[in-house]
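Tertiary structure, described
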Amino acid sequence: MNVNRGYVRRLVLTCGQVAALDEQGHAARAMWNLLHAWWTWGGRNRRSALKQADEAIRQARKDIGWLAVLPAQAAQQVLKTYVTAWRNCWKGRACAPQFKSRIRSRMAVDVPQGGELAVTRLSRHVGQVRIPKIGVVRFRWSGPIPGAGRERGRITGARIVKDVLGWHIVFRTEVESPVPARHEGPAVGIDRGINVALALSDGEDQTHGAWIRPKEAERLLRLERKAARQNRERSKPFEKTSNRLRRTYGQIAGARARIKRRRSDWQHKTTTTIAQRYGIVVVEDLRVSTMVRSAKGTTLTQGVNVRQKAGLNRSMLNEAHARTVEMLTYKLVERGGQLLKVPPAYTSQTCSACGHRDRQSRKGVAFVCTSCGWAGHADTNAAVNIVNAAGLAVSGRGACEVAGCETSTTQSAADRLWVSALSRGQRRSFEGRCRRRRDVDQQQGEAEGDRPQDQAGVGAHRSVRPPGPPVPGAQDQAGQQCPAEERAGRDRVRDEQEAGGGHDPDGQCLGHAQGNALLHRPTLRTVSKPCQDADMTSGVGDLDLSVGYALKQAAAALRTAMDAELRPLGLSVPQYSCLELLGQRPGLSAAELARGVFVTRQSMHALLLGLEERGLLARASSAPQGRALPTRLTDAGREVLTEASRTVAAVERRMTEALSDGGRERLQADLAACVRALS
């Protein structure tokens, strides 16, 4: 696997070299503007070809002296960059290229050939590089550079850019490294905010101090007022900027650049720590550009709290949350981790302990549930909801632990988060089914003289789920090897499978994994007192006598035993479930496997890649029909599946060894009767 990275080093230039680079930078900017004018003057139907543009650039460098200052390869690179910008625009990844202003644009000159640089290290902190039409230039050797000296890799090119501190060189490098092994760390949810920069679901919050010191803030304010006064004193509106005003602008830019460097340094250190510690990181899919829009409104509809919203926007932009996610993405990939994004709806209003949603529960930075009374930090509560929305089990607040078995009390919250991601039509259909189901339960309860009550993780909790094939459920736990993401709210299998040992529509037995269908619910381990909700337990009575609670305890114990037995084989429950499906139904596509294992298609793609790298399955190179690629087990995969099935069968026999043959039959019959009574 080839890893491409950029390394920034500060150039040490003489006055003549600075003037020469400034001329090249302005020539490159002018070349961009000329290409943009030539490309757009005739409209969409009269655009020039690339060959014509290249010939025009060659001729312009011969006829115009100040364009000849730019090296030939750098001029051709301007054309390539401009064409790439349009392609990104056509694919929806970026906006259309625009005219580059002399003041607002950043000057840059490309050196596309790395062999021309001749990077050499002179001393511990000094190196030198050869720049076309400039000569040998020294730079600060502030760190290793792949391909320079004894470092492995190669330098593929460079780009010389100018900022407030002066000219810098960015080395483009390529290093060949092995494919990283899957990260064994736990999963964590991150809530990005202002008071707490990064709130983690396990309580390990990442915070920082002010980016600017008090004296620096006073100096920056004084410089901004000085610039405003100097700008007002100009006699004409479009008069050329004076040298004093330009110097003041430079001082302001230097102060702000120092803030930017401090923020970037903290982000790099923090994201590296998170990527090294956790295997799966879950964040909210935020649209920052929409969140920081102005509240001014229009001429007809005036906005409210405009100044307050402007201050909030500045605080959000000062955190640079989008850049933090970008850093986490590539750092997790390099270390074998995975970044997941979930819908952000209602994560800050839902209680992570009981799943109750109420906007009144949020009291500033504190969260006090209006239903169960649980209290904690609002950002930590949101982080737990975020990781629950991805269907991952974490170690944090909000669960009740009894006799060493974990029981989830967050399923209601996960359901609400999942429903919020549906379209309007799907949401109405789902809510209609829920209302009809509740009406039927209410009529049956009134007929029996006892009204049923909803239970959140306790008792016989009923649910309405979207239609789907009866396939084995799977739970992706934190710390396991499988990076798959279980879709929250769709992790419940049919009632027949919850009774154990269900059958598929063709009448074939689904195997041992299907008999363990109660493994599907995400769980949390508590570090605080259990949730105490009078309304939740008023109709159940003693939990030791509750049948539903006993089933939940059995499910948690069975899941723990299966995880312990499958871990030596290098498998998690979703991986084993995927192999079991392929063993009984060869040729399934990735989409069918995702529905069978109750994960998203993206997570199933990552899961299949991991199994394919281990040689446990093989995918067809071409689709026999449509675009779906059938997947089949290899000989090694069948051997691992045989051993895993034998292990799961042993766990199931150990679970029922205290029962006689007649007792097992009665248990299965009783569970089936419970299913029929609730169906």
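Residues numbered from 1 in each chain as written. Predicted model: local features only at pLDDT ≥ 70, side-chain atom pairs only at ≥ 80, totals over all residues. Heavy atoms only, no water.

Considerations on the overall build of the protein
The cut-off we apply is this: Counting from the N terminus, the helices are the DSSP runs of H or I reaching at least four residues and the strands are the DSSP runs of E reaching at least two. In this scheme, a residue with accessible area under 20% of its type's maximum is buried, one over 50% is exposed, and one in between is partly exposed, where area comes from a 1.4 Å probe on protein chains only. Throughout, a contact is declared for two residues whenever any of their heavy atoms are within 4.5 Å. Each accessible area value is a Shrake-Rupley result obtained with a 1.4 Å probe; residue values ignore everything except the protein chains displayed when judging cover.
Of regular secondary structure, the protein possesses 21 helices and 21 strands. Counting every position in the protein, which comprises 679 residues, the buried fraction comes to 42%. Within the protein, residue pairs in contact and separated by at least 24 positions form 69% of the contacts whose partners lie at least 6 positions apart. Summed over its atoms, the accessible surface of the protein is roughly 36,800 Å², and 50% of this surface lies on carbon and sulfur atoms.

Some words on the packing of helix α2 (residues 50-63) against helix α4 (residues 72-90)
Rule in force here: Note on geometry: axes are C-alpha line fits, over the in-contact stretch for helices, and angles between N-to-C directions span 0 to 180 degrees. With the far helix as reference, a near helix turned anticlockwise by less than a right angle produces a left-handed crossing, and one turned clockwise produces a right-handed crossing.
Axis separation between α2 and α4 bottoms out at 10 Å; the angle between their running directions is 145°. For the pair α2 and α4, the crossing hand works out as right-handed. Judged by residue contacts, L50, A53, D54, I57, R58 and R61 of α2 engage A72, A75, Q76, L79, V83 and R87 from α4.

Focus: the packing of helix α16 (residues 547-566) against helix α20 (residues 635-655)
Inclusion rule: When residues are grouped by polarity, Ala, Val, Leu, Ile, Met, Phe, Trp, Tyr, Cys and Pro land in nonpolar, Asp, Glu, Lys and Arg in charged, and all others, Gly among them, in polar.
Across the interface, α16 lies against α20 with an axial gap of 10 Å and an inter-helix angle of 145°. The two elements α16 and α20 meet at a crossing, and its hand is right-handed. Of α20, the residues touching α16 (which contributes L558, A561, M562, E565 and L566) are A644, T647, V648, V651, R654 and M655. Taken together, the residues of the contact of α16 with α20 break down into eight nonpolar, one polar and two charged.

Regarding the side chain of R9
Keep this limit in mind: In this count, Lys and Arg are taken as positive residues and Asp and Glu as negative ones, while His and the chain termini are left out. The rule for a salt bridge is simple: a side-chain nitrogen of Lys or Arg has to be within 4 Å of a carboxyl oxygen of Asp or Glu. Think of a polar contact as two N or O atoms within 3.5 Å of one another; within protein, one of them needs to be a possible hydrogen donor and the other a possible acceptor, and neighboring residues in sequence only count if both atoms come from side chains.
Looking at the secondary structure, you find R9 in strand β1 (residues 2-12). Of the buried charged residues, R9 lacks a salt bridge, with E151 as the closest side chain of opposite charge at 9.2 Å. In terms of polar contacts, R9 uses its side chain to reach the backbone carbonyl oxygen of G143, at 3.2 Å. Setting aside residues up to four positions removed in sequence, R9 forms contacts with F139, R140, S142, G143, P144, I145, H168, I169 and F171.

Some thoughts on the sheet that holds β1
Through backbone hydrogen bonds, the strands of a sheet pair up, either in parallel or in antiparallel fashion. Under the convention used in this document: The rule for pairing is simple: two strands pair if DSSP sees at least two bridges between them.
Taken in spatial order, the seven strands line up as β2-β6-β7-β1-β5-β4-β3 in an open sheet, and their pairing is antiparallel. Only two strands of the sheet have a single partner each, and these edge strands are β2 (108-111) and β3 (120-121).

So, the environment of V365
Relative to the helices and strands, V365 resides in the loop between β12 (362-363) and β13 (366-368). On the basis of relative accessibility, which here comes to 44%, the residue V365 falls in the partly exposed class. For the pair V365 and V196, spaced 169 residues apart in sequence, the C-alpha separation works out to 9.3 Å. Excluding residues that lie within four positions of it along the chain, V365 makes contacts with N195, G376, H377 and A378.

Regarding the sheet that holds β13
Sheet architecture is open: three strands sit in the order β12-β13-β14, paired in antiparallel fashion. Here the strands that pair on one side only, and so sit at the sheet edges, are β12 and β14 (375-377). In this structure, β13 lies alongside β14, joined through three bridges in antiparallel fashion. Each residue of the ladder has a partner; that of F367, found in β14, is G376. Helix α10 (residues 378-389) rests against β12, β13 and β14 of the sheet, and its axis sits at about 90° to β14.

Considerations on the confidence of the model for the protein
To keep things clear, this is the line we draw: Confidence of the prediction at every residue is given by pLDDT, a number between 0 and 100.
Across the protein, the average pLDDT comes to 76, with 76% of residues at 70 or higher. Here residues 393-422 scores under 50 on pLDDT; set against residues more than four positions off or in separate chains, the count is 106 contacts. Every residue in residues 448-538 scores below 50 in pLDDT, and together they form 275 contacts with partners more than four places removed in sequence or on other chains.

Digging into a positive patch on the surface
Put simply, the rule reads: Two joining distances apply to patches: 9 Å for like charges and 5 Å for nonpolar side chains (Val, Leu, Ile, Met, Phe, Trp, Tyr), and every residue must have over 30% relative accessible area and no salt bridge. To locate a charge, the coordinates of NZ of Lys, CZ of Arg, CG of Asp or CD of Glu are taken.
Residues K226, R229, R232, R244 and R247 make up a contiguous surface patch of positive charge. Listed by contribution, the elements that provide at least two residues to the positive patch are α5 (214-232) and α6 (243-277). Ranked by the residues each element gives to the positive patch, the list is headed by α5, at three residues. The residue R247 is located in helix α6 in this model. You can call R247 exposed: its relative accessible area is 51%.

Looking at the pattern of salt bridges
Throughout the structure, instances matching the rule amount to 13 salt bridges. A salt bridge links D22 to K162; the nearest nitrogen and oxygen atoms lie 3.2 Å apart. Linking D22 in helix α1 (residues 15-40) with K162 in strand β6 (residues 154-163), this pair joins segments that are 140 residues apart in sequence. Assessed through its relative accessible area of 18%, D22 is described here as buried. A salt bridge links D661 to R664, with the nearest nitrogen and oxygen atoms 2.2 Å apart. Note that D661 and R664 are positioned in helix α21 (residues 661-678) at a spacing of three residues, about one turn of the helix. Here D661 falls in the exposed class, since its relative accessible area comes to 52%. The structure contains a network of salt bridges with shared partners spanning D110, R159 and R172.

Re unusual backbone geometry
With a phi angle near 50°, A118 is a residue other than glycine that sits in the positive phi range. Within the secondary structure layout, A118 lies in the loop between β2 and β3. For K133, which is not glycine, the phi dihedral falls at a positive 65°. Looking at the element boundaries, K133 is found in the loop between β4 (126-131) and β5 (135-140).

Section: the nonpolar core
Rule in force here: Definition of nonpolar core: a set of buried residues of the types Ala, Val, Leu, Ile, Met, Phe, Trp, Tyr and Cys, connected through side-chain atoms within 4.5 Å.
C578, L593 and M604 are the most contacted members of the largest nonpolar core, which totals 28 residues. At six residues, helix α17 (residues 573-584) tops the list of elements feeding residues into this core. Look past the residues within four positions of L593 in its chain and what remains in contact with it is C578, L581, L582, L588, M604 and L608.

As for α2
Convention followed: Under the convention used throughout, the expected extent of a helix is 1.5 Å for every residue step, that is, one less than its residue count. The arc in question is the one traced by the directions running from the helix axis out to the C-beta atoms.
In this model, α2 (14 residues) spans 20 Å end to end at C-alpha, consistent with the 20 Å of a helix rising 1.5 Å per residue. Residues of α2 that are buried: A53, D54, I57 and A60. Looking straight down α2, one finds that the buried residues subtend no more than 125° of arc, so they occupy a single side. Turned more than 90 degrees away from the buried face of α2, the exposed residues are K51, K62 and D63.

Digging into the packing of aromatic side chains
The condition that has to hold: Any pair of Phe, Tyr and Trp rings, taking the six-membered ring for Trp, is counted once the centres come within 6.5 Å. Such a pair is stacked with planes under 30 degrees apart, edge-to-face with planes over 60 apart, and tilted for the rest. Counting as a charge over the ring demands two things of the Lys NZ or Arg CZ atom: a distance within 6 Å of the ring centre and an angle within 35 degrees of the ring normal.
Taken as a whole, this structure holds eight aromatic pairs when the rule is applied. Consider the rings of F139 and W141, whose centres lie 5.7 Å apart with planes at 25°: the pair is stacked. Neither residue differs from the other here; F139 and W141 are each classed as buried. Taken together, W32, W39, Y82, W86 and W90 form an aromatic cluster joined through their ring pairs. Looking at K100, its charged tip hangs above the ring of W32, at a distance of 4.2 Å from the centre. Its guanidinium or amino end placed over the ring of Y346, R357 lies 3.8 Å from that ring's centre, counting from NZ or CZ.

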